[in-house]
Amino acid sequence: ADFRKLESFYTGLKFRVGGLFVPVPELLALVLAIVLSFGIWAAMRYTNLGRAMRALSEDAPVAAAFGINRRAHALVLSGVCGALAGIAGVCLALSFTLTPAQIYAWVGVVFAAVMLGGPGSALGPLAAGIVIGVSEAVTMVFLSPSWAPIVSFTLLIVLLIVRPGRT
């Protein structure tokens, strides 16, 4: 029941860019997210493993008929997803205090980012997450911090109204 936060020597460091202060842990999380997103995109696009994963996601029985081992690829995919979840958890723990009920604050934002960016895309959710983060920050500055959680769902609803077949 105790709240936890990972501490490091750069936890309190901030860069000043004009009139903005950029915290180092959040900047490192952004850089890591960009590097990992482009790495996964490249791996899915240019490697045999990525081609096999895409074939399995399109039509698993046909891919298996061509000799792709479903079980082995499912295990690799589970391992990669677990590693990415661990990296995301460390990035969150360096920036925020962890509480048992914190998941409820993140589930909606993550869902909106994935739906806005496209569930099958490696780079789309990254771009959608950046758009959501910037729009929430602008909302906090000009309106109130209590309005920020509404932004992600508003963007999702607007996308569903404007382009209903996209998601």
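Analysis parameters
- Residues numbered from 1 in each chain as written.
- Predicted model: local features only at pLDDT ≥ 70, side-chain atom pairs only at ≥ 80, totals over all residues.
- Heavy atoms only, no water.
- Helix = DSSP H or I, 4+ residues; strand = E, 2+ residues; numbered from the N terminus.
- Buried < 20%, exposed > 50% of the residue type's maximum accessible area, 1.4 Å probe, protein only.
- Contact = heavy atoms within 4.5 Å.
- Areas by Shrake-Rupley, 256 points an atom, 1.4 Å probe, with all protein chains shown as cover.
- Lys, Arg positive; Asp, Glu negative; His and termini not counted.
- Charge placed at Lys NZ, Arg CZ, Asp CG, Glu CD.
- Core = buried A, V, L, I, M, F, W, Y, C linked by side-chain atoms within 4.5 Å.
- Pairing = 2+ DSSP bridges.
- Axes fitted to C-alpha atoms, helices over the stretch in contact; angles between N-to-C directions.
- Parallel < 35°, antiparallel > 145°, perpendicular 65-115°, else oblique.
- Left-handed = near helix turned anticlockwise from the far one by under 90°.

## Considerations on the overall build of the chain
Summing up its helical and strand segments, the chain has seven helices and two strands in all. Reading the chain from its N end, one meets helices and strands in the order β-β-α-α-α-α-α-α-α. Principal-axis analysis of the C-alpha atoms places the extent of the chain at approximately 55 × 45 × 35 Å. A buried classification covers 22% of the 167 residues belonging to the chain. Residue pairs in contact within the chain that sit at least 24 positions apart in sequence constitute 46% of those at least 6 positions apart. Approximately 11,400 Å² of the chain is accessible, and the part contributed by carbon and sulfur atoms is 72%. Looking at charge distribution, the chain has the averaged site of its 11 positive side-chain charges lying 8 Å from that of its 6 negative ones.

## What to know about the nonpolar core
Among the nonpolar cores identified, the biggest contains seven residues, and these are A112, A113, L116, A128, I132, L156 and L159. Those elements that provide at least two residues to this core are α5 (103-117), α6 (124-142) and α7 (148-162). No other element matches α5, which puts three residues into this core. One finds A52, A60, A63 and I68 within the second-largest nonpolar core, a separate group that totals five residues.

## Here's the deal with the pairing of strand β2 (residues 20-23)
Where strand β1 (residues 14-17) lies against β2, four bridges are found, and the strand directions are antiparallel. In the sheet register, R16 faces β2, and the bridge partner there is F21. The antiparallel hairpin formed by β1 and β2 contains two residues in its connecting segment, where G18 sits at a positive phi of about 65°.

## Things to note about the environment of L56
Within the fold, L56 resides in helix α2 (residues 48-58). For the pair L56 and H73, spaced 17 residues apart in sequence, the C-alpha to C-alpha distance is 8.7 Å. Other than its neighbours up to four places away in sequence, L56 contacts A63, I68, R70 and H73.

## Concerning the packing of helix α1 (residues 24-46) against helix α4 (residues 70-95)
In the contact formed by α1 and α4, the axes pass within 9 Å of each other and the chain directions differ by 165°. Between α1 and α4, the angle is such that the two are roughly antiparallel. When the axes of α1 and α4 are compared, the crossing they make is left-handed. Here P25, E26, A29, L32, L36 and I40 of α1 come into contact with α4, specifically with L84, I87, C91, L94 and S95.

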